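Reading the structure
Here's the letter readout for the chains.
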Amino acid sequence: KMPSTVTIRGHTCKTDPDWFNIPDNVLDSATRRLHLQKDHPVYITRQIIQSNFPMPTFKYHNDFSPVVTTRQNFDSLGFPADHPGRARSDTYYINEGTLLRTHTSAHQAETFRANESDGYLISADVYRRDAIDRSHYPAFHQMEGARHWDRGEVPGGDVAAAVLRDLEALPKHGVVVEDPNPPWHAERNPVQDKHHSSAEAEAIGAHLKRSLENMVVDVFSRAKAAAMRADPNFVDEPLRMRWVEAYFPFTSPSWELEVYYAGDWLEVLGCGVVKQDLFINAGVPSKLGWAFGIGIDRIAMLLFKIPDIRLFWSRDDRFISQFTGVSDDLDKLKLFAPFSKYPPSPRDVSFWLSSSTSSAAGGNTKNTFHENDIMELVRNIAGDVVEDVRLIDEFTHPKTGRKSMAYRIVYRSLERTLTTEEANKYHEDVREALVKELGVELR
Ligand code: PHE
């Protein structure tokens, strides 16, 4: 039943039965381009982030194809051959060398090579096999940004002074940012001292941090203004941000920016000083600079107080009509007004893994069990009617060594109340598929 070719946004590729793992609902998501749908919260959030990185310094790319090669998505960025992100349990493949991009960084190399401006922003839909809950969906959106300088354009070839001049020209946000760790780590996260003077590395890091802090301050003050328009008595704690060390194969040093939100530190973006090999391999060895990547959907959920990521994909007019006119006047941004939630239908399922599936948890070969396989199986049957899937119990039989697992699946439509019979039918289909497709033994 697998098609011999698939066409995604006009791009036709041969599928390989050993690799192809993209379900129909994910192929449908690839037609939506929510970041280009005017007045959609994902579009509005993109607009707000984008406004902090103005043209012509930054050139905008909003319609790159989601179909990329393993070279673009992984190799060009220095991902090692055994990186877990390459596994079929985590990534949607069309064939061995072709996949749905897992991040907008897949376009870094080609955009550096095109060499059209001093920076860029790439907004796009990205795809990952992942858990099912209210903040995860197999398709979501990212924005990638980069800013670089050219040694050929400054006297003496050291860009530090030019970067510092650009830093001085950036607005000052006045929020205290916690930055408790040293900005780099000699082994884990070294400054690229073969390629950059320490003054350059420091200036690029400072420019990166101020640029991204400004953007986050802007997003969160718009969120606060919207909350105050909804409730004039709304009191907010002052914004808190902090920098933490991070690791990406294509930047060094690397950081994540976290924001204190609802009692927790929340990661909002990843970034770093671009590894010089990327510029060298892209034919622009005299450039150096920084890059970042941010998930748009999560930010949109905070900005609009949207409780469930599935709402973005809903075609329900009660959702989409709430944001009409905001794209043309961002000061009209309003919080999402929840329409009544229909009752949840939780159902549990427990099973023994067959001995051939329980042996390895890596999920790299066809016969190993990986949790993402369950997630997708449920999603294929219940679509957007599934709200949450979580492991509630697991144990290994002391004598037989067999592994038992129990999952709770919450079925809930965003659009109507499910009848008991409907929920039972979904669940019965899930149970059958678990046996047929994953070879488990129901308990
Ligand atoms: N691509 C990274 C991710 O998806 C984010 C990132 C982009 C980090 C650019 C550094 C520079 O997690």
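The coordinates are above.
Residues numbered from 1 in each chain as written. Predicted model: local features only at pLDDT ≥ 70, side-chain atom pairs only at ≥ 80, totals over all residues. Heavy atoms only, no water.

Right, let's get into the pattern of salt bridges. With the rule as written, the count across this model stands at 31 salt bridges. Lys 59 is the partner of Glu 116 in a salt bridge, and the nearest nitrogen-oxygen pair spans 3.8 Å. One end of the pair, Glu 116, is in the loop between helix 4 (108-114) and strand 7 (119-127); the other, Lys 59, is in strand 3 (residues 58-61), with 57 residues separating them in the sequence. The exposure class of Lys 59 is partly exposed, given its relative accessible area of 33%. Three or more residues are tied together by salt bridges with common partners; here these are Arg 9, Arg 33, Asp 63, Arg 101 and Asp 125. (Salt bridge = Lys/Arg side-chain N within 4 Å of Asp/Glu carboxyl O. Helix = DSSP H or I, 4+ residues; strand = E, 2+ residues; numbered from the N terminus. Buried < 20%, exposed > 50% of the residue type's maximum accessible area, 1.4 Å probe, protein only.)

The next point concerns the packing of helix 2 (residues 41-51) against helix 6 (residues 198-230). Relative orientation of the contacting elements helix 2 and helix 6 amounts to 135°, with a least axis distance of 9 Å. Considered as vectors, helix 2 and helix 6 are oriented oblique to each other. Helix 2 and helix 6 meet at a crossing whose hand is right-handed. Contacts between helix 2 and helix 6 involve Ile 48, Ile 49 and Ser 51 from the former and Met 215, Asp 218, Val 219 and Arg 222 from the latter. Across the contact of helix 2 with helix 6, the residue classes tally to four nonpolar, one polar and two charged. (Axes fitted to C-alpha atoms, helices over the stretch in contact; angles between N-to-C directions. Parallel < 35°, antiparallel > 145°, perpendicular 65-115°, else oblique. Left-handed = near helix turned anticlockwise from the far one by under 90°. Contact = heavy atoms within 4.5 Å. Nonpolar A, V, L, I, M, F, W, Y, C, P; charged D, E, K, R; others polar.)

Near the ligand you find 14 residues, and of these His 103, Ser 105, Arg 128, Gln 142 and Gly 293 are the closest. For the ligand, an oxygen atom lies 3.0 Å from a polar atom in the side chain of Gln 142. Out of a free accessible area of 330 Å², the ligand has 88% covered by protein chains. Examining the composition of the shell around the ligand, we find that three residues originate from one element, strand 13 (residues 287-295), more than from any other. (Near = heavy atom within 4 Å. Polar contact = N/O pair within 3.5 Å; in protein donor to acceptor, adjacent residues only side chain to side chain. Areas by Shrake-Rupley, 256 points an atom, 1.4 Å probe, with all protein chains shown as cover.)

On to empty space enclosed by the protein, then. Going through the model one piece at a time under the given rule, you end up with two cavities of 30 Å³ or more. In this structure, the largest cavity occupies an estimated 80 Å³ of space. If you go around the largest cavity, you meet 15 residues; those closest to its centre are Tyr 92, Asp 130, Pro 138, Glu 376 and Arg 379. Looking at which element gives the most residues to the lining of the largest cavity, the answer is helix 11 (residues 371-382), with four residues. For the lining of the largest cavity, the residue count by class is eight nonpolar, two polar and five charged. In this structure, the second largest cavity encloses a volume near 50 Å³. (1 Å grid on protein atoms, 1.4 Å probe; cavity = no way out; pocket = protein on both sides within 12 Å on 5 of 7 lines; lining within 4 Å. Points joined across faces, edges and corners; volume = space filled by probe spheres on them.)

Further remarks concern the packing of aromatic side chains. Geometrically, a pair of aromatic rings is defined through the distance of the ring centres and the angle of the planes. For the structure on display, the rule yields 19 aromatic pairs. With centroids separated by 6.2 Å and ring planes inclined at 45°, the aromatic side chains of Trp 290 and Phe 292 adopt a geometry described as tilted. Considered together, Trp 290 and Phe 292 belong to a single accessibility category, that of buried residues. Measuring from ring centre to ring centre gives 5.8 Å for Trp 352 and Phe 395, while their planes differ by 75°; the resulting arrangement is edge-to-face. Here Phe 395 lies in strand 15 (residues 386-396) and Trp 352 lies in strand 14 (residues 345-352), a separation of 43 residues in the sequence. The rings of Phe 304, Phe 312, Phe 319, Phe 323, Phe 336 and Phe 339 are connected pair by pair, giving a single aromatic cluster. (Phe/Tyr/Trp six-rings, centres within 6.5 Å; stacked < 30°, edge-to-face > 60°.)

Let's shift gears to the sheet that holds strand 4 (residues 67-69). Ordered in space as 4-6-5, the three strands form an open sheet in which the pairing is antiparallel. Each of the sheet's edge strands pairs with one partner strand only, and the pair in question is strand 4 and strand 5 (93-95). Strand-to-strand twist of the sheet, defined as the mean angle between neighbouring strand axes without regard to direction, takes the value 30°. Taken together, the three bridges between strand 4 and strand 6 (residues 98-100) define a ladder with antiparallel strand orientation. Note on strand 6: the bridge partner recorded for Val 68 is Leu 99. (Pairing = 2+ DSSP bridges.)

Let us now look at the sheet that holds strand 14. With respect to topology, four strands assemble into an open sheet ordered 15-16-14-17, the strand pairing being antiparallel. What marks the edges here is a single partner per strand, and that holds for strand 15 and strand 17 (441-442). Where strand 14 lies against strand 16 (residues 403-411), eight bridges are found, and the strand directions are antiparallel. Looking at the pairing, Val 349 lines up with Tyr 407 of strand 16. Running over the sheet, helix 11 touches strand 14, strand 15 and strand 16 and is turned about 140° from strand 15. Along the sheet, helix 12 (residues 420-438) makes contact with strand 14, strand 16 and strand 17, crossing strand 14 at roughly 20°.

Interpretation in functional terms is not warranted from these geometric data alone.
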